[in-house]
Amino acid sequence: MPMGYVGKRIARVDSPDKVTGKSIFPADLYFDGMLHAKVLWSEYPHARILGIDASAARAYPGVVAVLTAEDVPVNEYGINIMDQRVLAQDKVRSVGDPVALVIAESERTAGAARRLIVVEYQELPGVFDPREAMAPGAPLVHEEKGTNVLKHFFVRKGDVAAGFAQADVIVEGYYHTPHQEHAYLQPEAGVGLIDEQGRVTVYVAAQWPHDDVHQIAHALNLPETQVRECVTAIGGAFGGREDISLQILVALGAYKTRRPVKLVYTREESIRGHGKRHPFFMRHRTGATRDGLLVAAEIELISDAGAYASTSIPVLANATSFAAGPYQIPNVSIDTYTVYTNNLVTMAMRGFGSTQPPIGYESQMDKLAERLGLDPVEFRARNVLVNGSIAPTGCVMEHGVGMKEALERAAQAAGWQRKSSTWTRPQIAQPKEPNKRLGLGVACSWKNVGYSFGFDDKAGARVELYLGRGGAIERAVVKIGASDVGQGVETALAQIAAETLQVPIDRIEMMLSDTAVVPNAGSSSASRHVFMSGSAVQRACQEALGRLGGQEAGAGQSVVAEYIFRGREAHPTTNFDPVTGLCDPHISYGYVADVALVQVDTETGQAELVKMWAAQDVGRAINPTMIEGQVDGGVLMGQGYALLEEWIQERGYIKTRNFTEYLIPTVLDVPKEIVPIIVEVPDHGGPFGAKGVGEMTTIGVAPAILNAIHDATGVWIEELPASAERIHQALKKKAGK
Amino acid sequence: MQPLVMKLNGQDVTLQIDPSTMLVDVLRDELHLTGTKVGCNEGECGACTVLVDGLAVDSCLFPALKADHREVTTIEGLAFDDELHPLQQAFIEVGAVQCGFCTPGMIMAAKALLDENPSPDEDEIKLAISGTLCRCTGYTKIVAAVRAAALKGGK
């Protein structure tokens, strides 16, 4: 008899500890003999280091060590390309570069001694706009590379010139999205120590502990078996904890001093010490016929990689694959570039290259619909991908394409009706105040699940069944290195295990931490854990059950099974073709349709999100309550991106350093209503048909809001955030003032 | 060093502290009550919210000596004999917890409200927690949890 744990609103398994304050985040750790560290940060966005005099700091009472580049055995790291220095060597390339690490008996002492370090810099000319950085003669961020262009991707599908020749309407647009700060509430913190077996051990909140171990071991020149990472409770991540932040610093501190070393960033250091969402510059030209069919798209995207590669290349690859939107377009030409600058490094953030493109392609869709005199839902419905469609990168979308279902569900919920086979928008009553205008905006968007472009995405899980009387499963232990960053993966995996094993969920014991014990399940990113790690847990449980059936099992015995799930078991992916750029990029996809109701004050330019209908094709809902939670949070993060958040750097210097200067939405910004609409078009490759959800909830929010602002006022806002000032300026320009 | 005497979660506590210390540092570093979080250390995020004589304060900006001879309640003092406070229960049941870092501060801010006003409306709930930031939940289920706790007579 099925237990029915999948699809149920199970309370999160980690919440009792979180509501009582018992959950241990890294800053909550205290060890005997623990030292405290402070980072000395680069003072310049681009400068040569001529010398570091740390003698006064080293002599300061209570200081145990001051570490600089020469103390790092192999002074390099990086998640994708190892172009980052643990401690700056020869030069600094951004103000986020750590230059020295002070280790002392107290945090206060470390902070005081830090001020005594004298670094002699020779400032170098910097480059702060990726478009300028591409130009010949621009200052080079990494001289040895000979160029600032880190990567160029392209896609050539069909014949774009012929496509535009068929078009009755062609629209153009130039869009800009800014940096965005993750602003998780828990600033980076960690403790490094040498464990009883002599292993360098790091306690930290991290998205991909096994990859951290790889990078820590590399920098310390140790075998990976001599490094452990124990993941604590994680105070939010959103991509910002995928890269190394302070992991190597605390590991190095412990390695050098042989004592526990704790490092806790202030909020200002957190904002300085991790990368941001990539700014994009996006040029679009899109053509459609008068019967409302897309025929051609020509797109150029330029992203600011900042000072180091981080994941800028895979982010750009994703953006390339999503650039034209979830639409059938026979002729496509896409060129994309990611470029080094002396800005802060940019990195993964919720959406990973799927968040910026819809600002472009969804504005284009509304511009085309308006020119064609078509309802925006109707125009999209005629063009969206369906099962069997060919994607903009040339691959056939074989099954599980829930774009149309999501669009129709969101539109219907928002009041659209199908009249004589055409989607027709609802009439909205405008406010009585003459300066208040309401508008509705629609956006479709899509996002991959799992690692893409031929990468061998793997997730390992180990299941141990402990048997009681009559061979019944008394307890099941699931070991998997999947970080619960707040999204609830621990609970979702427990539900999948309980469902597969058919045992009550309170007999499932989840072990997510300690790389020395749990298998590598990959990163908490790409909305992949339910799909990838869920599959691994499901298969490992099935194997364990199979073994259980084949043996004389009795009380006190145990059965163990491990399974490494590979994404290609679900769907093999391919990299960009070297000649055409065509590819079958992703294992699976989530499809999203958002409808925003926005009110604009035409006197002040202030826009306010009133209501959001958010339809998410998640394949199969493992836990509807957690999905709603993702929608609520994703909508608010998208709303912040659209209307409020402005992370500012001026010539490489950070101007928005803390929560006073960088504003994120508070409870008072929450719209009157968010309507989560869960769409379930299963992917046969995912566990129980599930796809993913974490990132998808945020990607369509800003474009829906921008389209609603246009609907309300007639102005196109092509640069985020759509602040009161920016909308006001656009309204003035439209009125010819 | 100066003496600090307070009633902390119902128990008398006496310790010697550096007078420049903030309350949050006494709670965390001296007493290892780490349920109270530090998110910004400048009164912007509310993760460090505790109750002093029933009022919600940002303990990162609250000099510890100002708590001398007063009652301090932290998240660790809310559950009674392992029985969760109705707010804690509601946060679990409604699904108001994601990463959990803001949760203690949210619950303490909400407790101050319910102690003062046992049946707040939605606007009053929002105002009471408006000084506490959350990046995960979009606040919707947090507001719903406070409302649910209020309906159950949670104080």
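Residues numbered from 1 in each chain as written. Chains lettered and ligands numbered in written order. Predicted model: local features only at pLDDT ≥ 70, side-chain atom pairs only at ≥ 80, totals over all residues. Heavy atoms only, no water.

Colleague: Please give an account of the nonpolar core that cites residues and values.
Modeller: The biggest cluster of nonpolar side chains holds 111 residues, and the ones touching the most others in it are Phe 379, Met 397, Trp 416, Trp 446, Val 598, Ile 705 and Ile 709 of chain A. Counting residues in hydrophobic clusters, the runner-up holds 55 residues, among them Val 95, Tyr 184 and Ile 664 of chain A together with Ala 149 of chain B. (Core = buried A, V, L, I, M, F, W, Y, C linked by side-chain atoms within 4.5 Å. Buried < 20%, exposed > 50% of the residue type's maximum accessible area, 1.4 Å probe, protein only.)

Colleague: Could you give an account of the packing of aromatic side chains, with specific residues and numbers?
Modeller: All names here are of chain A. Counted according to the given criterion, the structure contains 12 aromatic pairs over all chains. Considering the side-chain rings of Phe 31 and Tyr 203, the 5.5 Å spacing of their centres and the 45° angle between planes classify their relative orientation as tilted. Pair noted here: Phe 31 is in the loop between α1 (15-20) and β1 (35-41) and Tyr 203 is in strand β10 (residues 200-204), with a separation of 172 residues, a long-range link. The exposure class of Phe 31 is partly exposed, given its relative accessible area of 28%. Aromatic side chains Tyr 589 and Tyr 591 sit 6.0 Å apart centroid to centroid with 25° between the ring planes, which places their arrangement in the stacked category. For the pair shown, Tyr 589 and Tyr 591 are each scored as buried. Three or more aromatic residues link up through ring pairs in this structure, and these residues are Phe 322, Trp 446, Tyr 589 and Tyr 591. (Phe/Tyr/Trp six-rings, centres within 6.5 Å; stacked < 30°, edge-to-face > 60°. Helix = DSSP H or I, 4+ residues; strand = E, 2+ residues; numbered from the N terminus.)

Colleague: Describe the domain arrangement of chain A, naming the residues involved and giving the relevant values.
Modeller: How big an interface is tends to be stated in terms of the accessible area lost upon association of its parts. All names here are of chain A. According to the domain assignment, chain A contains domain 1 (15-22 + 456-570), domain 2 (31-124 + 188-264) and domain 3 (280-452 + 576-734). Each of domain 2 and domain 3 was reduced to a C-alpha centroid, and the two centroids are 38 Å apart. Each partner contributes to the interface: domain 2 provides 22 residues, whereas domain 3 provides 23 residues. At the boundary of domain 2 with domain 3, total buried surface from both sides reaches about 1,800 Å², with 59% on carbon and sulfur atoms. Taken together, the connections running from domain 2 to domain 3 amount to zero salt bridges. At the junction of domain 2 and domain 3, the tally comes to eight residue pairs in polar contact (both at pLDDT 80 or more). The class makeup of the residues in the side of domain 2 that touches domain 3 is seven nonpolar, seven polar and eight charged. (Domains from an automatic or database assignment. Contact = heavy atoms within 4.5 Å. Buried area = accessible area lost by both parts, 1.4 Å probe. Salt bridge = Lys/Arg side-chain N within 4 Å of Asp/Glu carboxyl O. Polar contact = N/O pair within 3.5 Å; in protein donor to acceptor, adjacent residues only side chain to side chain. Nonpolar A, V, L, I, M, F, W, Y, C, P; charged D, E, K, R; others polar.)

Colleague: I'd like to hear about the layout of surface pockets, residue by residue, with values.
Modeller: Leftover empty space is mapped by rolling, across the atoms, a probe with the size of a water molecule. Here the largest pocket defines a volume of roughly 1,200 Å³. For the largest pocket, the lining is made up of 38 residues, of which Glu 107 and Arg 108 of chain A together with Asp 25, Asp 29 and Asn 41 of chain B are closest to its centre. Counting residues per element, the ones that place at least two in the lining of the largest pocket are β1, α3 (107-114) and β12 (261-264) of chain A together with β2 (11-17) and α1 (23-30) of chain B. The class makeup of the residues in the lining of the largest pocket is 15 nonpolar, nine polar and 14 charged. Reported here for the second largest pocket is a volume of approximately 760 Å³. Lining the second largest pocket are 34 residues, with Asn 80, Pro 314, Tyr 451, Ser 452 and Phe 455 of chain A sitting closest to its centre. Contributing elements (two or more residues each) for the lining of the second largest pocket: β7 (149-157), α6 (209-220), α9 (312-322), β18 (436-449) and β19 (458-467) of chain A. Per-element accounting of the lining of the second largest pocket gives the leading share, four residues, to α9 of chain A. A breakdown of the residues in the lining of the second largest pocket according to their chemical character gives 14 nonpolar, 12 polar and eight charged. (1 Å grid on protein atoms, 1.4 Å probe; cavity = no way out; pocket = protein on both sides within 12 Å on 5 of 7 lines; lining within 4 Å. Points joined across faces, edges and corners; volume = space filled by probe spheres on them.)

Colleague: Please set out the interface of chain A and chain B residue by residue, giving values where relevant.
Modeller: Contacts between chain A and chain B engage 53 residues on the former and 45 residues on the latter. Taking both sides of the interface into account, the surface hidden between chain A and chain B amounts to around 3,700 Å²; carbon and sulfur atoms contribute 59%. A per-residue breakdown of the area chain A buries against chain B is headed by Val 19, Leu 185 and Val 667 of chain A, which together make up 20% of the total. Our enumeration of links across chain A and chain B arrives at five salt bridges. Here Asp 28 of chain A and Lys 37 of chain B are joined by a salt bridge, their closest N and O atoms 2.5 Å apart. On the surface where chain A and chain B come into contact, there are 19 residue pairs in polar contact (both at pLDDT 80 or more).

Colleague: Explain the domain arrangement of chain B residue by residue, including any values.
Modeller: All names here are of chain B. With domains assigned, chain B is organised as domain 1 (2-77) and domain 2 (86-151). The distance between the C-alpha centroids of domain 1 and domain 2 comes to 21 Å. Across the contact, 16 residues belong to domain 1 and 13 residues belong to domain 2. When domain 1 packs against domain 2, close to 1,100 Å² is buried across both sides, 70% of that on carbon and sulfur atoms. Area buried by domain 1 at its contact with domain 2 is led by Thr 49, Leu 51 and Ile 75, which between them contribute 42% of it. Linking domain 1 with domain 2 are zero salt bridges, by the criterion used here. Run the count over domain 1 and domain 2 and you get one residue pair in polar contact (both at pLDDT 80 or more). Top element by residues in the side of domain 1 that touches domain 2 is strand β3 (residues 49-52). It accounts for three residues. Of the residues that constitute the side of domain 1 that touches domain 2, the class distribution is seven nonpolar, seven polar and two charged.

Colleague: An account of empty space enclosed by the protein is needed here, citing residue identities and associated values.
Modeller: Residues and elements named next belong to chain A. Inspection of every chain in the model, using the stated rule, returns eight cavities of 30 Å³ or more. Considered as a void within the structure, the largest cavity measures approximately 580 Å³ in volume. What lines the largest cavity is a set of 36 residues, and nearest its centre among them are Gln 487, Ser 527, Gln 630, Val 693 and Gly 694. The set of elements that each furnish at least two residues to the lining of the largest cavity consists of α13 (489-501), α14 (529-549) and α16 (624-644). In terms of residue count, the dominant contributor to the lining of the largest cavity is α16 (three residues). By residue class, the composition of the lining of the largest cavity is 17 nonpolar, 14 polar and five charged.

Colleague: Go over the packing of helix α2 (residues 86-94) of chain B against helix α3 (residues 103-116) of chain B with me, naming the residues and quoting the values.
Modeller: All names here are of chain B. Contact geometry of α2 with α3 gives a least axis separation of 10 Å together with a crossing angle of 130°. In this view, α2 runs oblique relative to α3, as classed from their interaxial angle. Where α2 crosses over α3, the two elements pack in a sense that is right-handed. On the side of α2, the interface is formed by Leu 87, Gln 88 and Phe 91, while α3 contributes Thr 103, Met 106, Ile 107, Ala 110, Lys 111 and Leu 114. Of the residues assigned to the contact of α2 with α3, the class counts are six nonpolar, two polar and one charged. (Axes fitted to C-alpha atoms, helices over the stretch in contact; angles between N-to-C directions. Parallel < 35°, antiparallel > 145°, perpendicular 65-115°, else oblique. Left-handed = near helix turned anticlockwise from the far one by under 90°.)

Colleague: How would you summarise the pairing of β18 of chain A if you had to cite specific residues and measurements?
Modeller: Residue and element names in this part refer to chain A. Within β18, 12 of the 14 residues are buried, which leaves the element mostly enclosed by the surrounding structure. As judged from the 14 bridges shared by β18 and strand β23 (residues 588-601), these two strands associate in the antiparallel manner. Its bridge partner being in β23, Leu 440 is matched across the sheet by Leu 597. (Pairing = 2+ DSSP bridges.)

Colleague: Please give an account of the sheet that holds strand β1 (residues 2-8) of chain B that cites residues and values.
Modeller: All names here are of chain B. Spatially, the five strands line up as an open sheet ordered β2-β1-β5-β3-β4, and their pairing is mixed. On the outer flanks of this sheet lie β2 and β4 (55-58), each paired with one strand and no other. Strand after strand, the sheet turns through a mean of 40° between neighbouring axes, direction not considered. Strands β1, β2, β3 and β5 (71-73) of the sheet are contacted by α1, whose axis makes an angle of about 80° with β1. Lying on the sheet, α3 is in contact with β3, β4 and β5; it crosses β3 at an angle near 35°.

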